[in-house]
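Below are the chains, spelled out letter by letter.
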Amino acid sequence: MTEAVVDELMTFPIFRDIDEDRFPGNTPLRGILLNDTRVTTYQPGEIVVREGDYGNSAFLILDGHLRVVLNPNLPQNMLGRLSVKKKGFFEALGQLWTNNWRPEVRDPERYQNTQAASSSGAMAGVYLQDIPAILDEHQTAQLGPEMIFGELAALGRVPRTASIFAETEARVLEIRWQGLRELRRFDTTWKEKIDLAYRRNALHNALKEAPMFRHLTGEQLKAVEDATLFETHGAFDWHTSYKRMLAQGREMEHGTPIAREGDYPDGILMVRAGFARVSARIGNGERTLTYLGAGDVYGLEELYRAWKDKDDSIVLETSLTALGYLDILRIPRQVLEEFVFKEMEPPQTKLRHLAGNEISADALKEWAVGRRFINGTRAMLIDLNRCTRCDDCVRACAATHGGNPRFIRHGATFDHWMVANACMHCADPVCMIGCPTGAIHRSISDGSVVVNDDTCIGCGTCAASCPYDNIRLVQVANQRGEPLVDGEHKPIMKATKCDFCSSNPGGPACQRACPHDALRRVDFRGPDPFRGGYQ
């Protein structure tokens, strides 16, 4: 972004009408536009955002027109994603003899687009080839100048809900999450505009899907929505600061306190995105009881008892702290008493039960919270007491992926447990934020995080973002083992990681190959990942 472009932006009514004096000297409006935005010109058919992608920015159309695809969604191959096809029995068996002994061998014909993009220096985009056919076969809506979109993904840390492409040549202003935050903070018009859109869409969907509100009529749900506040805590790009803390040995430090033990419960807190730690005082310290993720509720037990027993002296029995980024809904007590408590069964006293566990049993939980493994839905957990270091798991992984293992049997350890450097297919996949081509995405079939090798341009954004160092960049070669290069003779790099054997029948080969049952893929969000496995 240049000063000349900022001058032009300031002529648009949406910026011209802002009172610049409301912005502090260290965060001027022009500084936000200069540092937290960029203007991109899209050609007809070029995809601007893809349904299912994660993003940290919102968009303002400066000129031209875009189209949002409403129904049905665009096919996955049109969005530049991998179409996963399960291998048959003989195809899977044949891998044992057909794998190349040279590392990371690829067919050079697959990378013509990559080479063209790299040699031109342009950011590779994905284009829709037949716009008239798409308009005939899909319900779409036109977006015009001065319209804003993408604020839900930017503020709520949720996947994009629709794909949008350029109908005509269009210039679009992309506003980073940080810039959007400052515009909301210092300009009431921007705050009202963004908050209205967020409340209309995200808040309504979150409350409508919550089991405790399903019995409400549309009018009653609207009353709950109007009274509910949404809050964000911590940094959107929490993985950046977390990696610094990890390097400094400060990973056990926790984030922003949201509610404290002993406080009066004025409402419940519903987690919409991110993670929070629930703890109780013990001596001069805090003991982790559990952690909450999307859809979980905090403070319900105490609030229900206060209403049922008509006892206003009941206070919160635990504390709540944000772990990294947290997006929560604060639903007031009066609303719950009017619409919810009369119809619901008494909530389970889960937290008090957890407080009765032996403190020694909490050590693994504290470790998993501190290392943020609670983000993993399919982490590779190895019992070192059982593991004989035979490497059958590594060989099985290599045999399934063309001779190239997709994980490293190395990782963080605690007692006799190791979480290996294999993709955990996170609940909050920060690696997907900022991928310029959408090559890294969630598989539609089973939710695994996978990389489309054909559309990956090797920029390394995903590898740099992964808080667990579970994504690697490799140089690819042809069948003769010669390095593939682009038009400028630079090596072609590709991101590789565990894909949970998404194309292989029978699930992850690493787990099936272990002769000692030492390796399991586990969901850290479960009640006790050190006892169970991934289901």
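Reading the values: the criteria
- Residues numbered from 1 in each chain as written.
- Predicted model: local features only at pLDDT ≥ 70, side-chain atom pairs only at ≥ 80, totals over all residues.
- Heavy atoms only, no water.
- Helix = DSSP H or I, 4+ residues; strand = E, 2+ residues; numbered from the N terminus.
- Rg over C-alpha atoms; globule rule 2.2 N^0.38 Å.
- Buried < 20%, exposed > 50% of the residue type's maximum accessible area, 1.4 Å probe, protein only.
- Contact = heavy atoms within 4.5 Å.
- Pairing = 2+ DSSP bridges.
- Axes fitted to C-alpha atoms, helices over the stretch in contact; angles between N-to-C directions.
- Salt bridge = Lys/Arg side-chain N within 4 Å of Asp/Glu carboxyl O.
- Patch = residues over 30% accessible without salt bridge, like charges linked within 9 Å, V, L, I, M, F, W, Y side chains within 5 Å.
- Areas by Shrake-Rupley, 256 points an atom, 1.4 Å probe, with all protein chains shown as cover.
- Phe/Tyr/Trp six-rings, centres within 6.5 Å; stacked < 30°, edge-to-face > 60°.
- Core = buried A, V, L, I, M, F, W, Y, C linked by side-chain atoms within 4.5 Å.
- pLDDT = per-residue confidence, 0-100.

1. Observations regarding the overall build of the chain
At step 1: Looking only at helices and strands, the chain features 18 helices and 22 strands.
At step 2: The C-alpha radius of gyration of the chain comes to 25 Å, within 12% of the 24 Å expected for a compact globule of 535 residues.
At step 3: Dimensions of the chain, computed from the C-alpha atoms along their principal axes, are close to 80 × 65 × 45 Å.
At step 4: Out of the 535 residues belonging to the chain, those deemed buried represent 51%.
At step 5: In the chain, once contacts between residues fewer than 6 apart in sequence are set aside, the share between residues at least 24 apart is 78%.

2. Things to note about the sheet that holds strand β16 (residues 408–414)
Pairing between the strands of a sheet is mediated by backbone hydrogen bonds and can be parallel or antiparallel.
At step 1: In space, the 4 strands of this open sheet follow the order β16-β17-β15-β22, with antiparallel pairing throughout. Every interior strand has two partners, whereas the edge strands, β16 and β22 (519–522), have only one. Pairwise comparison of adjacent strand axes, ignoring direction, gives a mean angle of 40° for this sheet.
At step 2: Looking at chain direction, strand β15 (residues 379–383) and strand β17 (residues 417–421) are connected through 3 bridges and run antiparallel. Looking at β17, one finds that Leu-381 is bridged to Val-419.
At step 3: Along the sheet, helix α15 (residues 363–370) makes contact with β16 and β17, crossing β16 at roughly 125°.

3. What to know about unusual backbone geometry
At step 1: Each neighbour pair has its own omega, and for Asn-71 with Pro-72 the value is -15°, a cis peptide bond.
At step 2: Structurally, Pro-72 can be placed in the loop between β4 (66–71) and α4 (89–98).
At step 3: A positive phi angle, close to 55°, is found at Asp-469, a residue other than glycine.
At step 4: Mapped onto the elements, Asp-469 comes out in the loop between α17 (461–465) and β20 (472–475).
At step 5: Residue classification places Asp-469 among the exposed positions, given a relative accessible area of 52%.

4. Overview of the pattern of salt bridges
At step 1: Taken as a whole and assessed by the stated rule, the structure comprises 26 salt bridges.
At step 2: For Asp-312, the salt bridge goes to Arg-333, with nearest N and O atoms at 3.1 Å. Placement of the pair is Asp-312 in the loop between α12 (300–308) and β14 (319–332) and Arg-333 in helix α13 (residues 333–339), with a sequence separation of 21 residues.
At step 3: Using a relative accessible area of 54% as the deciding quantity, one classes Asp-312 as exposed.
At step 4: A salt bridge links Glu-482 to Arg-480; the nearest nitrogen and oxygen atoms lie 2.9 Å apart.
At step 5: Beyond isolated ion pairs, a larger network of salt bridges with shared partners links Glu-104, Arg-106, Arg-406 and Asp-453.

5. With respect to a nonpolar patch on the surface
At step 1: Residues Phe-89, Phe-90, Leu-93 and Trp-97 make up a contiguous nonpolar surface patch of about 560 Å² in total accessible area.
At step 2: For Leu-93, the location among the structural elements is in helix α4.
At step 3: For Leu-93, a relative accessible area of 37% puts it in the partly exposed group.

6. With respect to the packing of aromatic side chains
At step 1: For the structure shown, the criterion picks out 11 aromatic pairs.
At step 2: A ring pair is formed by Phe-59 and Phe-149, whose centres lie 5.1 Å apart and whose planes are at 10°; its orientation type is stacked. In this pair, Phe-59 sits in strand β3 (residues 57–63) while Phe-149 sits in strand β6 (residues 148–149), placing the two residues 90 residues apart along the sequence. The exposure classification of Phe-59 matches that of Phe-149, with both residues buried.
At step 3: Ring geometry for Tyr-304 and Trp-307: centres 5.5 Å apart, planes at 55°, overall tilted. With Tyr-304 and Trp-307 both in helix α12 and 3 residues apart, the pair spans about one turn of that helix.
At step 4: Relative accessible area serves as the criterion here: at 6%, Tyr-304 is assigned to the buried category.
At step 5: Site record: aromatic cluster; members linked through ring pairs are Trp-367, Phe-373, Phe-414, Tyr-468 and Phe-524.

7. Structural notes on the sheet that holds strand β8 (residues 170–176)
At step 1: Strands sit in the order β1-β8-β3-β6 across an open sheet of 4 strands; the sheet is antiparallel. The strands lining the two open edges of the sheet, one partner per strand, are β1 (37–42) and β6.
At step 2: Against the sheet, helix α8 (residues 177–186) makes contact with β3 and β8, and its axis sits at roughly 80° relative to β8, the strand it touches most.

8. What about the environment of Thr-400?
At step 1: Inspection of the secondary structure assignment puts Thr-400 in helix α16 (residues 392–400).
At step 2: The spatial distance from the C-alpha of Thr-400 to the C-alpha of Cys-510 is 9.5 Å, given a sequence separation of 110 residues.
At step 3: The residues contacting Thr-400, other than those within four sequence positions of it, are Lys-87, Gln-95, Cys-501, Asn-504 and Ala-509.

9. Quick look at the nonpolar core
The nonpolar side chains of soluble globular proteins are, as a tendency, buried together.
At step 1: Residues Phe-15 and Phe-213 are the most contacted members of the largest nonpolar core, which totals 87 residues.
At step 2: The leading source of residues in this core is helix α9 (residues 188–209), at 7 residues.
At step 3: Excluding anything up to four places from it in sequence, Phe-15 contacts Leu-9, Met-10, Leu-29, Leu-33, Leu-60, Leu-173 and Trp-190.

10. Side note on the environment of Asp-309
At step 1: Within the secondary structure, Asp-309 sits in the loop between α12 and β14.
At step 2: Judged by relative accessible area, Asp-309 falls into the exposed class, the value being 51%.

11. Some remarks on the confidence of the model for the chain
At step 1: Put simply, the chain has an average pLDDT of 85, and 92% of its residues get 70 or more.
At step 2: Contacts for the low-pLDDT stretch residues 115–123, under 50 throughout, to residues beyond four places or in other chains number 13 contacts.

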